[in-house]
Amino acid sequence: MYDTEEALFRAVHGIAGRMAGQPVPVVMEALLRHLPKAPGLQVTEIRKIAEEISVGRDPSGL
C-alpha cells in the first residue's frame, strides 16, 4: 500500500509542477492519464486534486 501511495503523491507532484494554472478539465485529463490505479481513488477526489492544481497549489504535500 505504501508504494502505491508514494507513487500517487509523486505523480500528483509532477503534474502539479507542469500544469499549475491550467484549466481544471486539462489537469483532470492529465491526472486520469498518469495517476497509477489505486483502490478507492474516486473521480470526485481526482477532480478536487485537479481544482487545487488549477489554482496553483500542489496537493501532494511534497
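Read on for an overview of the structure.

Parameters at a glance
- Residues numbered from 1 in each chain as written.
- Predicted model: local features only at pLDDT ≥ 70, side-chain atom pairs only at ≥ 80, totals over all residues.
- Heavy atoms only, no water.
- Helix = DSSP H or I, 4+ residues; strand = E, 2+ residues; numbered from the N terminus.
- Rg over C-alpha atoms; globule rule 2.2 N^0.38 Å.
- Buried < 20%, exposed > 50% of the residue type's maximum accessible area, 1.4 Å probe, protein only.
- Contact = heavy atoms within 4.5 Å.
- Salt bridge = Lys/Arg side-chain N within 4 Å of Asp/Glu carboxyl O.
- Arc of directions from axis to C-beta.

**Here's the deal with the overall build of the chain**
A count of helical and extended segments in the chain gives three helices and zero strands. Put simply, the chain runs from its N terminus to its C terminus through helices and strands in the order α-α-α. Taking 2.2 N^0.38 as the reference for a compact globule, 62 residues should give roughly 11 Å; the C-alpha atoms of the chain span a radius of gyration of 10 Å, in line with that estimate. Summarising its shape, the C-alpha atoms of the chain cover approximately 30 × 20 × 15 Å along the three principal directions. A buried classification covers 31% of the 62 residues belonging to the chain. In the chain, 58% of the contacts between residues at least 6 apart in sequence involve partners at least 24 apart.

**Looking at the pattern of salt bridges**
Evaluated as defined, the whole model comprises four salt bridges. Close ionic contact of Arg-10 with Glu-6 constitutes a salt bridge, the shortest N to O distance being 3.1 Å. Remark: Glu-6 and Arg-10 occur in helix H1 (residues 2-19); sequence separation between them is four residues, near one turn of the helix. With its nearest N and O atoms 3.4 Å apart, the salt bridge here joins Glu-52 to Arg-57.

**Here we look at the side chain of Ser-54**
Looking at the secondary structure, you find Ser-54 in helix H3 (residues 43-54). Residue class for Ser-54 comes out buried when judged on its relative accessible area of 17%. Beyond its immediate chain neighbours, meaning those up to four positions away, Ser-54 contacts Gly-21, Gln-22, Pro-23 and Val-24.

**Let's talk about helix H2 (residues 24-34)**
Every buried residue of H2 is accounted for by Val-24, Val-27, Met-28, Ala-30 and Leu-31. Seen from one end, H2 has its buried residues packed into an arc of 165 degrees, which puts them on one side. Pointing more than 90 degrees away from the buried face of H2 are the exposed residues Pro-25 and Arg-33.

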